[in-house]
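# Residue-level structural notes
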Amino acid sequence: MKKLSHQLIGSLCLLLLVMAQIGCEKAEDFLDKKSTNSLDETTVFADSAHTMDFLGGVYHGLFIWRVSGPSNGVENILVAVTDEAEQRYPAAGMLETQILTGSFGGTFNSYINDSWSFLYTHIRLANIYLKHVDGSPLSASLKKRTKQETRFLRAYFYARLMEGWGGVPLMGDTVFDLNSSAGGGRNTYAECVDYVISELDAVAPDLPLTYSGLNYGRVTKGAALALKARVLLFAASPLYNGGSVADKPELKELTAYPTHDPSRWQKALEACQAVVDLGIYELETDNETKPGNGFYEMFLERVNKEYILAYMMGPNVYLEQFNMPPSRGYWNSYHRCPTQELVDAFPMLNGKAIDDPTSGYDPANPYEGRDPRFYYSIIYNGSLYFNRNGRAMKPVWTYEGASPDGIVPVSSGGATHTGYYYRKMSDEQIPYRGGGNTNRCLPIMRYGSLLLDLAEAANETGNIPLALDQLIEIRKRAGIEPGGDSMYGLPANPSQDETRELIRRERFIELAFEGYRFFDIRRWKAGDIIDEKYTHGMRILKDGNDFTYERIEVRKHVFKENLYLFPIPFDEVSINRDLLQNPGW
């Protein structure tokens, strides 16, 4: 059995801290906080309420790497090291700067180490629950169900480790303590995939399809099947499907499958289809209120038919707090500014790309007639957004010289330096300060992303019509016009390569700021194509009532091949010489 160092296995103090932070009493959220005192493993699992609270602590691990917000994980930062967004501060000590320049200093190492340790700590918490729950006073049926929930959560934590590091040490059901000696190496990537898939296959039949009331938000059968599809999609992708960047044979099998096998795409396709076949999920659609309104409202609803798994939260202004422009109440170092690359990816209302001469795009009026998702995702010059001063919808001005929201040089931290602000998942009627809350819960897996996974797997198996069907469903919900051929702006008979690019662009648009882009670029093995270039913004000048638009360079991104996978924490490699380091570190 593999063993890890003391840094990874954590301590009882951390265990009790997590346990004390999470509770399940309030009706609105089984993850709401409550206080516990003077507890240890014996007393926790002698009480049914404390036992369930402990499981809530395991659920807390779902917060790793989710969405563009201020968590201590890494993924909230990673939106700003791709072509998706730019960071606010240019300081050398910022994590984004270290990644973009390839300097990989102390801040980078700290975030990587914390994320690795966070995931392994929650794997350990899951193992503690599985070790003790049978001796708790929970009913037999509740013990059975919550053990399956816990096994899912553990599989999820491993899946996230695999996305960041490739093959990692598998701990099984063992709970290592502080006296455990370090030793043992990494499992191969294939072994990790097999383990996670076997766990998900084992738990899925015993998990409910849906929950309601106090239990809403717990792991379901659909979540298990969707995670399986996600893991198999990664396993089929170029970086992992025989595409390791390692040159040493022993590292190749740790970081990927040693050889390419196209049948892995078929496995991913079948796993995606299994989620669809449940018949319980659908895209949140409302094109009657206004085009694409379902895409907007979905992110503000606690309960909807699109979310497969979400991080449960009480009423909040979580994203409004950290993403609004200065004029709307808050601005700090967590803010990311959308790039011109992302803006340009949104098609026109007719579904045609802006570089299509028949699209109707007007460079002198670049924000008119665009895909409705653009207006729900990006704050641009002239966007209407609620202003608590006067309590009305007012324009946000991002032109040069506009105070306080206008574009500033990249060397300044005062406002946007791309000409845009983040809007997606925020409620345009609720200011950070001044009253009101949303009912949002942060999406982890949703049906829209599953359909895009299905489209990608279908295309790679040669089933282009099935792939296009998924894109049509996504675009239909977005409020794009169907056109005379009902193709929603898509070409009628694209090649496989053309369809691949259509799918990748649709993922860029549909899943913006949801934590997918960084890992998509890497699993596609496209870092040198997408990341090794300048990002751009829009410099806008105002003359009377007229505006002129100039596309500008914002920052040069440097891509280094070693960043296809994160480094194993250096302290771990130093303590355990069997723990081989990833390529290039």
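Residues numbered from 1 in each chain as written. Predicted model: local features only at pLDDT ≥ 70, side-chain atom pairs only at ≥ 80, totals over all residues. Heavy atoms only, no water.

Here we take up a negative patch on the surface. A surface patch of like charges, here negative, comprises Glu-191, Asp-194, Asp-247, Glu-250 and Glu-253. Elements supplying a minimum of two residues to the negative patch: α9 (189-203) and α11 (249-255). In this structure, Glu-250 sits in helix α11. Taking the relative accessible area as the measure of exposure, Glu-250 reaches 39% and is therefore partly exposed. (Patch = residues over 30% accessible without salt bridge, like charges linked within 9 Å, V, L, I, M, F, W, Y side chains within 5 Å. Areas by Shrake-Rupley, 256 points an atom, 1.4 Å probe, with all protein chains shown as cover. Salt bridge = Lys/Arg side-chain N within 4 Å of Asp/Glu carboxyl O. Lys, Arg positive; Asp, Glu negative; His and termini not counted. Charge placed at Lys NZ, Arg CZ, Asp CG, Glu CD. Helix = DSSP H or I, 4+ residues; strand = E, 2+ residues; numbered from the N terminus. Buried < 20%, exposed > 50% of the residue type's maximum accessible area, 1.4 Å probe, protein only.)

In this section: the confidence of the model for the chain. Segments scoring low in pLDDT should not have their predicted coordinates read at a detailed level. Overall, the prediction assigns the chain a mean pLDDT of 89, with 89% of residues at 70 or greater. Counted against residues more than four places away or in other chains, residues 66-74, with its pLDDT under 50, gives 40 contacts. (pLDDT = per-residue confidence, 0-100. Contact = heavy atoms within 4.5 Å.)

A word on the packing of helix α12 (residues 263-277) against helix α17 (residues 447-460). With their axes 8 Å apart at the nearest point, α12 and α17 run at an angle of 145 degrees to one another. At the point where α12 passes α17, the crossing takes the left-handed sense. Here α12 contributes Trp-265, Ala-268, Leu-269, Cys-272, Gln-273, Val-275 and Val-276 to the contact with α17, which in turn contributes Tyr-447, Leu-450, Leu-451, Asp-453, Leu-454, Glu-456, Ala-457, Ala-458 and Glu-460. A per-class count over the contact of α12 with α17 returns 12 nonpolar, 1 polar and 3 charged. (Axes fitted to C-alpha atoms, helices over the stretch in contact; angles between N-to-C directions. Left-handed = near helix turned anticlockwise from the far one by under 90°. Nonpolar A, V, L, I, M, F, W, Y, C, P; charged D, E, K, R; others polar.)

Throughout the structure, instances matching the rule amount to 6 cavities of 30 Å³ or more. The calculated volume of the largest cavity comes to roughly 230 Å³. Contributing elements (two or more residues each) for the lining of the largest cavity: α8 (140-165), α10 (221-236), β8 (442-446) and α17. Split into classes, the residues belonging to the lining of the largest cavity amount to 14 nonpolar, 2 polar and 7 charged. (1 Å grid on protein atoms, 1.4 Å probe; cavity = no way out; pocket = protein on both sides within 12 Å on 5 of 7 lines; lining within 4 Å. Points joined across faces, edges and corners; volume = space filled by probe spheres on them.)

Next up on the list: the packing of aromatic side chains. Any pair of aromatic rings gets described here by the distance separating the centres and the angle formed by the planes. Here the structure, examined in full by the defined rule, presents 36 aromatic pairs. Taking 5.2 Å as the distance between ring centres and 75 degrees as the angle between the ring planes, the aromatic pair formed by Trp-116 and Trp-165 counts as edge-to-face. Taken together, the residues Trp-116 in helix α7 (residues 106-132) and Trp-165 in helix α8 connect sequence positions 49 residues apart. Grouping residues by exposure puts Trp-116 and Trp-165 together as buried. (Phe/Tyr/Trp six-rings, centres within 6.5 Å; stacked < 30°, edge-to-face > 60°.)

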